[in-house]
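Listed below are the residues making up each chain.
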Amino acid sequence: MNIVAFRTLRAFYEKHWDCEQQLKTWYKEATKANWKSPEDVKDIFASASIIADNRMVFNIKGNKYRLIVKFNYKYGWAWIRFIGTHAEYDRINAKTI
């Protein structure tokens, strides 16, 4: 998968150092993946939640942080739509962000 944009993840883990390794691991797994459906993603990240509009929510650092990614499976693209604390996640609309 082509991930847009790693710099978003880096900026986040530079402020929240406790999730750096988990975000790097997610990125590494995602870039080498050839996911064609949400079910393919869940084969690797079983705790991820499928939401509307080809979006998935990933639990980071034991659900302390949330990562929302929008996928275009046909073309192999994934866009980072949100990364934040669980409290910040609760204040957004994950289906439209």
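These lines cover the structure that appears in this document, whether it is placed above or below. (Residues numbered from 1 in each chain as written. Predicted model: local features only at pLDDT ≥ 70, side-chain atom pairs only at ≥ 80, totals over all residues. Heavy atoms only, no water.)

Some details on the environment of L23
Within the secondary structure, L23 sits in helix 2 (residues 20-32). Residue L23 is classed as buried on the basis of its relative accessible area of 0%. Along the backbone, L23 and F12 are 11 residues apart, and their C-alpha atoms lie at a distance of 9.3 Å. (Helix = DSSP H or I, 4+ residues; strand = E, 2+ residues; numbered from the N terminus. Buried < 20%, exposed > 50% of the residue type's maximum accessible area, 1.4 Å probe, protein only.)

A look at the pairing of strand 3 (residues 55-60)
Among the 6 residues that make up strand 3, 5 are buried, leaving the element largely enclosed by the rest of the structure. Sheet topology note: the strand 2 (residues 49-51)/strand 3 ladder contains 3 bridges and is antiparallel. Bridge assignment links S49 to a residue of strand 3, and that residue is V57. Here strand 2 folds back onto strand 3, and the loop between the two strands holds 3 residues, one of which, D53, carries a positive phi near 60°. With 6 bridges connecting them, strand 3 and strand 4 (residues 65-72) associate as antiparallel partners. Pairing of V57 across the sheet is with I68, part of strand 4. From the end of strand 3 to the start of strand 4, which pair antiparallel, there are 4 residues, and K61 there has a positive phi angle of about 55°. (Pairing = 2+ DSSP bridges.)

Some words on the sheet that holds strand 3
The sheet built from 5 strands is open, its strands ordered 1-5-4-3-2 with mixed pairing. The two strands at the open ends of the sheet, each matched to only one other strand, are strand 1 (2-4) and strand 2. Sheet twist, expressed as the mean angle between neighbouring strand axes with direction ignored, is 30°. Where helix 2 meets the sheet, its contacts fall on strand 1, strand 3, strand 4 and strand 5 (77-85), and the angle it forms with strand 1 comes to roughly 140°. (Axes fitted to C-alpha atoms, helices over the stretch in contact; angles between N-to-C directions. Contact = heavy atoms within 4.5 Å.)

Don't take any of this as a statement about function, it's just geometry.
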